[in-house]
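# Structural features, examined
Letter by letter, the chains look like this.
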Amino acid sequence: MLEVSGLAKSFGGFKAVDDVSFDVPRGAIAAIIGPNGAGKTTLFNLVTGHLRADAGRVVLKGRDVTGIAPHDLCRLGVGRSFQRQNIFPRLSVFENVQAAFVSHRGRGWSRFGRADRLYCEETSALLHAVGLDEKAGEIAGLLSHGGQKQLELGIALALEPEILLLDEPTAGMSAGETREAIALIARLARERNLTLLFTEHDMQVVFSIAQRITVLHQGRVIAAGAPEAVRRDPEVRRVYLGERN
Amino acid sequence: MIRRVPWALIVLVAAFLVPAVGSRYYTFLANDIVIWALFATSLNLLVGYTGLVSFGHAAYFGIGAYTTGVLMKKIGVPFLLAFPAAGLFAALAALVFGSFCVRLTRIYFAMLTLAFAQIVWAICFKWNEVTGGEQGMPEIPYPDFAWLEAAGQWLPLVGGWRTAEYFYFTSLAIVAACLWCLRRIVASPFGRMLTAIRENPERAEFIGVNVRRYELAAFVLAGAFAGLAGGLFGIFNRGVFPDFAYWSKSAEVLIMTLLGGIHTFFGPSVGAAVLILLNQQIVSYTQYWPLILGTILVVLLFAFPGGIAGTLAAAFVRLTRRLARA
Amino acid sequence: MPDLSFVFAQALSGLTAAMFLFLIASGLSLIFGVLRVLNFAHGTFYMLGAYAAWQLVQWLGAGGGSFWLAVLGAAAAVAVLGGLVERFLLRHLYAKDELYQLLFTYALVLVLSDVAKILWGTQQKGVARPPGLEGATSLFGATIPYYNLFIVALGLAIAVAFWYVLQRTRAGRLIRAAALDRETLGALGVNVGALYTGVFVLGSFLGGLGGALVTPVRTIVPGMDTEIIVEAFVVVVIGGLGSFWGTFLGALIYGQVLAFGILFFPRFSIFAVFALMAAVLIIRPWGLLGRPLK
């Protein structure tokens with residue numbers, strides 16, 4: 001589904017991402033983990049075209065999409081959520097998701113017709129799926145943190161993606177909220193046959209649902225594979241135990 | 001219930017009645033307001049709906065005015081052709097300038113729009129052969145209204161007005177049509193995409209919106225309508241002058257837009273009306289209009305950031321909520 | 001082929017204009033670099049500096065040192081005004097959108113320029129050159145007024161002094177740090193509010209100083225504020241918003257383009273200036289010596 005090879009990005013002299021390669025098979029749930037500053041978000045930005053890579057390739061469904069602009073990439077079946085809150089703050093929850101539908105279904109250039117009457121059913125259905133139907137009329141910027149994350153998920157799903165890239169989907173959540181969020185994500189992935197790639201630094205979350213894990217440290221891959229293997233990898237333990245001290 | 005009252009229609013009808021019930025002076029004021037309302041609303045397409053703050057919107061106003069002026073005065077082209085040409089040329093200029101401007105963000109975008117506007121001003125100021133240079137082009141002819149007079153023989157109400165009043169009706173009809181168009185545009189899916197860009201350009205990119213292309217489109221549309229406003233203004237003002245494109249004009253229209261409220265469609269029109277009426281009132285008492293305007297602006301910025309329309313709209317919302325609960 | 005003395009005279013004229021502009025634009029650039037506010041009213045501070053200097057000269061009489069006292073007094077008065085404006089008005093807008101701050105400074109232009117009209121009327125005013133700097137000398141066959149030479153020297157001196165303050169003193173380091181990352185600075189316990197006020201005061205001082213010093217060379221007239229602010233914008237854009245040496249370089253370039261532009265392409269000199277500004281913004285938005293904003 002998604003193959004990344006040799007991605008690299010430096011800022012000045014600082015190597016944020018250094019020769020990273022991994023692949024995510026269709027239907028898999030994969031995670032990229034690593035301590036803060038390991039380069040996870042930068043890596044995501046490289047994959048989704050928000051940043052231009054210095055080197056390396058990104059191949060999606062057999063097609064080279066390295067450096068393709070974000071607005072083109074999301075039309076190829078890639079959905080993404082962001083680490084920072086990335087919603088449309090002054091629009092309502094409903095309008096947030098509706099906008100995504102309008103754009104994705106190709107009506108974005110239409111100067112006729114009324115935007116607020118388009119795709120209402122689909123939007124309502126999606127809001128229901130992510131658990132936000134009661135909040136449909138609320139202003140997005142005023143939602144709770146967890147609510148905004150749910151909304152972000154909704155926006156990403158409105159693009160009818162085949163692969164979903166989630167950047168720290170449970171950041172800032174309590175333990176209970178985290179469990180709920182992960183359960184929701186896993187369920188939606190199953191229901192819609194999504195391939196999932198997410199970053200996290202909460203270990204419990206990762207080990208509960210991920211099938212393949214890639215560990216990043218200071219921009220390089222230090223381990224990759226099935227959860228059990230990664231958990232026992234001495235390098236990984238050193239990095240994490242070392243970090244905790 | 002308040003919302004269902006067709007305010008816009010009522011205002012339009014009332015506007016048509018001004019020459020009948022008011023003096024020549026009121027018709028003059030109303031004509032002024034109507035043209036600036038279009039100018040300000042065109043700017044708001046950029047500022048309020050797309051989140052792009054332009055400091056050089058007067059460039060397109062000026063280009064529109066000069067286009068119509070040159071065509072009508074120097075070449076004798078009839079209004080029916082000269083007027084749309086204003087919008088066309090302004091749109092072309094907006095396309096060229098805009099393609100550079102939308103590559104920049106925030107303060108750089110604003111500075112470049114300013115630079116382009118000053119370039120337009122400089123050209124108008126110095127290109128004596130075409131634009132009349134510093135003197136401008138006085139005495140742009142009115143459009144030919146003989147056909148209206150003739151129609152007035154057998155249509156009631158249409159005949160017997162002065163030329164200035166015919167021009168007012170024309171302006172009013174044109175502006176009403178333009179505002180209707182703009183209203184449709186902002187409510188359309190395209191308009192919704194612009195709003196998404198304003199709210200969060202990065203997110204908009206990732207729902208498939210080619211932000212630069214949309215911003216350019218908005219820029220061109222805004223420029224086109226500003227050009228149409230300019231085309232009308234040149235005739236109304238009985239002359240076209242370089243200061244139409246000067247940055248202080250851009251500041252004036254920006255203030256109007258803000259005064260009325262950038263988050264409602266008719267806010268800028270309201271701002272135009274209030275500012276022009278206030279100006280006329282105050283100028284008769286004192287020469288220190290800038291002082292008053294500046295003070296109003298300061299009060300606005302600190303106390304009423306939503307502008308007049310925004311503050312009123314918020315008050316309405318609170319009122320209707322209270323009524324609904326009662 | 002114009003003769004050398006003529007070219008020299010023009011170049012020096014451009015240099016003088018550049019120094020004045022540098023003085024004014026450096027204040028603008030400093031304020032933008034640290035506060036991220038483009039102060040439209042900076043031109044009006046310049047104008048107020050000129051009027052204040054004129055007024056002080058009227059009060060102090062035509063004595064020997066009165067010109068210099070008037071200049072310093074005027075600059076100080078403008079600095080105080082700037083401080084009050086920042087502390088009690090502008091500060092409350094920092095939390096809001098940049099547009100509000102910009103429009104506030106524009107409102108200041110409207111208000112202050114009318115205040116100047118109320119206080120000093122619309123008649124043109126001028127100030128005589130200070131004793132000791134009247135007259136001119138002959139250099140390379142061209143007549144160069146002493147005052148112009150003084151301004152060039154003063155401009156250089158201030159540039160160097162400024163550079164020294166920014167690079168070598170603690171205050172200067174704070175200013176540069178604030179320009180780079182003000183949030184961290186606040187977290188480090190620095191009183192960012194006082195720093196902002198201080199920077200605004202300093203910037204306004206420079207603007208007022210420029211205005212006061214220009215009085216023997218240019219007539220004091222309403223509208224000089226809007227004229228100079230556009231020029232200052234061009235300079236800081238070319239040189240780089242927030243860059244000190246960029247402003248210096250921008251002023252030099254602007255001065256020469258204007259001086260020679262008027263000679264060779266009189267009809268296009270104003271056009272050339274704005275075309276230059278546009279070109280810089282298109283090719284290298286952050287100016288010749290500036291850095292991309294975060």
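Attention now goes to the overall build of chain C. The helix and strand inventory of chain C stands at eleven helices and two strands. Scanning chain C from its N terminus toward the C terminus, one meets helices and strands in the order α-α-α-α-β-β-α-α-α-α-α-α-α. Here chain C has a C-alpha radius of gyration of 19 Å; the compact-globule value for 294 residues is 19 Å, and the two agree. Each principal axis of the C-alpha distribution contributes one length, and for chain C these read about 60 × 50 × 35 Å. Within chain C, the proportion of its 294 residues that are buried is 49%. In chain C, the share of contacts with a sequence separation of at least 24, taken over all contacts with a separation of at least 6, comes to 77%.

Let us now look at the overall build of chain A. Counting secondary structure elements, chain A contains nine helices and ten strands. Overall, chain A is about 60 × 40 × 35 Å in size when its C-alpha atoms are taken along their principal axes. Within chain A, contacts between residues at least 6 apart in sequence are counted, and of these 64% link residues at least 24 apart.

Quick look at the environment of A:Val221 now. Residues and elements named next belong to chain A. Looking at the secondary structure, you find valine 221 in strand 10 (residues 220-225). Under the C-beta neighbour-count criterion, valine 221 is labelled partly exposed, with 18 such atoms within 10 Å. Apart from residues lying up to four places away in sequence, valine 221 is in contact with Val20, Ser21, Phe22, Thr214, Val215 and Leu216.

This part is about the confidence of the model for chain A. The pLDDT averaged across chain A works out to 83; a share of 98% of its residues lies at or above 70. The secondary structure element of chain A with the lowest average pLDDT is helix 9 (residues 234-244) of chain A, at 69, and the one with the highest is helix 3 (residues 93-104) of chain A, at 91.

Moving on, we get to the sheet that holds strand 7 (residues 163-167) of chain A. All names here are of chain A. Pairing is mixed in the open sheet, where six strands are placed in the order 6-7-8-3-9-10. For this open sheet the edge positions go to strand 6 (78-81) and strand 10, each flanked by a neighbour on one side alone. Neighbouring strand axes in the sheet, compared pairwise and without regard to direction, differ in orientation by 15 degrees on average. Sheet topology note: the strand 9 (residues 212-217)/strand 10 ladder contains five bridges and is antiparallel. If you follow threonine 214 over to strand 10, its bridge partner there is alanine 224. Contacting strand 3 (29-33), strand 7, strand 8 (195-200) and strand 9, helix 1 (residues 40-47) crosses the sheet at an angle of about 145 degrees to strand 7. Set on the sheet, helix 5 (residues 145-158) makes contact with strand 6 and strand 7; between it and strand 6 the angle comes to about 165 degrees.

Between chain B and chain A, the residue contacts involve 20 residues of the former and 28 residues of the latter. Mapped onto the side of chain B that touches chain A, the elements with two or more residues apiece are helix 8 (163-187), helix 9 (189-199) and helix 10 (201-205) of chain B. Per-element tally for the side of chain B that touches chain A: the top contributor is helix 9 of chain B, with eight residues. Split into classes, the residues belonging to the side of chain B that touches chain A amount to nine nonpolar, six polar and five charged.

Attention shifts here to the interface of chain B and chain C. The interface is formed by 27 residues belonging to chain B together with 29 residues belonging to chain C. Elements represented by at least two residues in the side of chain B that touches chain C include exactly helix 5 (106-126), helix 12 (247-260) and helix 14 (289-303) of chain B. Residue contributions to the side of chain B that touches chain C peak at eleven residues, all from helix 5 of chain B. Looking at side-chain class alone, the side of chain B that touches chain C contains 23 nonpolar, three polar and one charged residues.

The topology assignment puts B:Gly191 in helix 9. Overall, B:Gly191 belongs to the buried group, with 22 C-beta atoms counted inside 10 Å. Along the chain, B:Gly191 and B:Val211 lie 20 residues apart, while their C-alpha atoms are 13 Å from each other. Not counting residues within four places of it along the chain, the set of residues in contact with B:Gly191 comprises A:Ala115, B:Tyr49, B:Ile185 and B:Val186.

Glancing now at the sheet that holds strand 2 (residues 14-24) of chain A. Residues and elements named next belong to chain A. In spatial order, the strands read 2-1-4-5; together these four strands make up an open sheet with antiparallel pairing. Sheet topology places strand 2 and strand 5 (63-64) at the edges, where each strand pairs with a single neighbour. Sheet topology places strand 4 (residues 55-60) next to strand 5; two bridges connect them, and they run antiparallel. Residue pairing for strand 5: leucine 60 is matched across the bridge by arginine 63.

In this section: the pairing of strand 1 (residues 2-11) of chain A. All names here are of chain A. Sheet topology note: the strand 1/strand 4 ladder contains five bridges and is antiparallel. Within the sheet, the bridge partner assigned to serine 5 lies in strand 4 and is arginine 57. With seven bridges connecting them, strand 1 and strand 2 associate as antiparallel partners. Considered in strand 2, the bridge of leucine 2 is made with valine 24.

All names here are of chain B. The contact between helix 9 and helix 11 (residues 211-236) brings their axes to 10 Å, and the two run at 115 degrees. Crossing hand, helix 9 versus helix 11: left-handed. Taken together, the residues of helix 11 that come into contact with helix 9 (itself represented by Met193, Leu194 and Ile197) are Val211, Tyr214, Glu215 and Ala218. Residues that form the contact of helix 9 with helix 11 fall into these classes: six nonpolar, no polar and one charged.

Even without being glycine, A:Asp19 reaches a positive phi, approximately 55 degrees. Topologically, A:Asp19 is positioned in strand 2. A residue is classified by how many C-beta atoms lie within 10 Å of it, and A:Asp19, with 14 of them, is partly exposed. One non-glycine residue, B:Arg238, lies in the positive phi region at around 60 degrees.

Basis of the calculations
Residues numbered from 1 in each chain as written. Chains lettered and ligands numbered in written order. Predicted model: local features only at pLDDT ≥ 70, side-chain atom pairs only at ≥ 80, totals over all residues. Helix = DSSP H or I, 4+ residues; strand = E, 2+ residues; numbered from the N terminus. Rg over C-alpha atoms; globule rule 2.2 N^0.38 Å. Buried ≥ 20, exposed ≤ 12 C-beta atoms within 10 Å, placed from the backbone. Contact = placed C-beta atoms within 7 Å. pLDDT = per-residue confidence, 0-100. Pairing = 2+ DSSP bridges. Axes fitted to C-alpha atoms, helices over the stretch in contact; angles between N-to-C directions. Nonpolar A, V, L, I, M, F, W, Y, C, P; charged D, E, K, R; others polar. Left-handed = near helix turned anticlockwise from the far one by under 90°.

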